[in-house]
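# Tertiary structure, described
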Amino acid sequence: MELTLRLFQQRMLEHAYRHPFCALFADMGAGKTATVLALIVRLLSWADVARVLVVAPRRVALTVWPAEIARWRAFQGLSCRVLTAEDFRFQRRGVTVRRRGQETTVKRLVPQASPVDFLTGETVHTISRDRLADLVRLMGRQWPYDMLVLDESSGFRDPATTRFKAVRALRKAGLVGRLVELSGTPRPKSLLDLWPQLFLLDEGARLGRTLTGYRERWFVPDKRSRDGQVFSWRPRPGAEEEIHARIGDLCVSLLPEDVVQLPERTINPIEVPLPSQALAFYRELERHSLATLRGSDVVALSRAALVGKLLQVAGGATYDEHGQVQPVHDAKLDALEELVEASAGAPLLVAYWFRHELARIKARFPQAVEFDDYPDTEARWNRGEIDLLLLHPASGAHGLNLQYGDGQGVWFGPIHDLELWQQWNKRLHRPGRRTPVFVHVLLARDTIDRAVLDSLGPKGEGQDRLLRAVQLRLEELGDG
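This section reports on the structure supplied with the text. (Residues numbered from 1 in each chain as written. Predicted model: local features only at pLDDT ≥ 70, side-chain atom pairs only at ≥ 80, totals over all residues. Heavy atoms only, no water.)

### Section: the packing of helix α6 (residues 162–172) against helix α7 (residues 194–202)
Threshold: Axes, fitted as lines to C-alpha atoms, cover a helix only where it is in contact. Angles between the N-to-C directions of the axes lie from 0 to 180 degrees. Only DSSP runs of H or I covering at least 4 residues are called helices, and only runs of E covering at least 2 are called strands; the numbering of each starts at the N terminus. Each angle receives one of four descriptions, namely roughly parallel if under 35 degrees, roughly antiparallel if over 145, roughly perpendicular if within 65 to 115, and oblique otherwise. Take the far helix as your reference; a near helix turned counterclockwise from it by less than a right angle gives a left-handed crossing, and one turned clockwise gives a right-handed crossing. Every residue pair with non-hydrogen atoms within 4.5 Å of one another is taken to be in contact. Each residue gets one of three labels, nonpolar for Ala, Val, Leu, Ile, Met, Phe, Trp, Tyr, Cys and Pro, charged for Asp, Glu, Lys and Arg, and polar for the others, Gly among them.
Taken N-terminus to C-terminus, the directions of α6 and α7 make an angle of 20°; their axes are 9 Å apart at the nearest point. When the axis of α6 is compared with that of α7, the two are roughly parallel. For α6 against α7, the interelement crossing comes out left-handed. Along its contact with α6, which presents F164, V167, R168 and R171, the element α7 presents W195, P196, F199, L200, L201 and D202. In terms of residue class, the contact of α6 with α7 is built from seven nonpolar, no polar and three charged.

### Quick look at the sheet that holds strand β17 (residues 348–351)
Spelled out, the test is: At least two DSSP bridges between two strands are needed for those strands to be called paired.
Reading across the sheet, the six strands line up as β12-β21-β20-β17-β19-β18 and stay open at both edges, with parallel pairing between neighbours. In the strand order of this sheet, the two ends are held by β12 (265–272) and β18 (369–370), each with one partner. For β12 and strand β21 (residues 437–444), the ladder comprises eight bridges, and the chain directions are parallel. Counterpart to T266 in the pairing with β21 is F438. Set on the sheet, helix α13 (residues 331–342) makes contact with β12, β17, β19 (388–390), β20 (408–411) and β21; between it and β21 the angle comes to about 155°. Together, β12, β17, β20 and β21 form the strand contacts of helix α17 (residues 418–425), whose direction differs from that of β20 by roughly 155°.

### Digging into the nonpolar core
For the record, the criterion: By nonpolar core is meant a set of buried Ala, Val, Leu, Ile, Met, Phe, Trp, Tyr and Cys residues that side-chain atoms within 4.5 Å join together. For each residue, the accessible area found with a 1.4 Å probe, counting protein chains only, is set against the maximum for its type, and the residue is called buried under 20%, exposed over 50%, and partly exposed in between.
Within the largest apolar cluster, 45 residues are counted, with the highest numbers of intra-cluster contacts made by L53, L132, L135, W143, L148 and Y214. Breaking this core down by element, the ones donating at least two residues are β1 (21–26), β2 (52–56), α5 (129–139), β7 (147–151), α6, α7, α8 (211–218) and α9 (239–247).

### Side note on the environment of F8
Here F8 lies in helix α1 (residues 7–18). Separated by 22 residues in the primary sequence, F8 and A30 place their C-alpha atoms 8.5 Å from one another.

Below you can see the structure in the form of structure tokens.
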């Protein structure tokens, strides 16, 4: 296909060309991948770079970037190699480490590959975020990449992770000539998540050299424990405007309306009544964090664990104390069957969260396809060859283009991860979509499902709001 960059893509391209260290914070579906590939072609033609490493979520690194290169004629001169665990030739060996002042030997997976094994002539290498630290350790000072692309840079928002430390080490050693960060959700949880991403770009020049300093300058404590420990922070008045002004020269930020006029998207909650016995079991578990089902105990040892157990029961099954699946009801399976019948042949993309949900959906719908069932599942879906596609939010939320073929979305149950919720919904609601998008959410009536859906607010504090809602509910039950 011929590629014509739209005006906002040209804006992103020029910004990234002029700023060797920059971020493109654009809405999901804005064509960031094609824009960066066009940038790479330009830089290669001017001999500004010779080899590029793209670090991305696993599925994005494995399929999205190679597919995008193959899709457009403008990128046919680019050669691409996906680096996987097999390329490292890991072997379990004894490694000497120092603990509490003493040396000891531990068994670890150690790569046996040589740096030259990776220098096979391709201009673009892609790698999952989980393998980046291994590559950095293996290459050392022989680091061969002139340019680094962090796709979904929000995945580097935790400075304690090995992936963040790996990029920081490269920057400190002066081994990165260009760095481009891409994200559709640069601050999925809070404004605090911006600091690590900006630090990798400017090493602290704009927001400070430490997260503590950044936090103390622009934030105040929000929630504390009884002994004074701070659980969360909120921005000071005017902090957001100040922060945005400081980073504006490095970051291009596009809103959905800046990108393209998409068809309307509708989130359609569907309340599903539960059988009386299932609801009674749910109430018992909710009140006591312990309930018995067919002689097996279902236990929640904390409030967060209780949230998970209640979500499982709302979905129709749960794990008992021995890790065995205990079916509770089929109400949501019946509701999904009604949606399948009502769709009249239109494809449905179904999100599930728990493994037992996947097994029960496949047992009820033999025609259902898991995304990993075929190497070309994305193309089959877009050609309308799959009626029911099952896609877990954590493994398929980023990078997939499923907007062709007029499919609709179904959440078997809501989740409280705002980033995965937004990203998964955007698989259908992207440029190229011609018809309105409906995303149906199955909610078990009179359960935690509604509170979970309501927790997906614009500030991304869903987990906190959800736990507060559970606490209020438990207090109500206690008063009764």
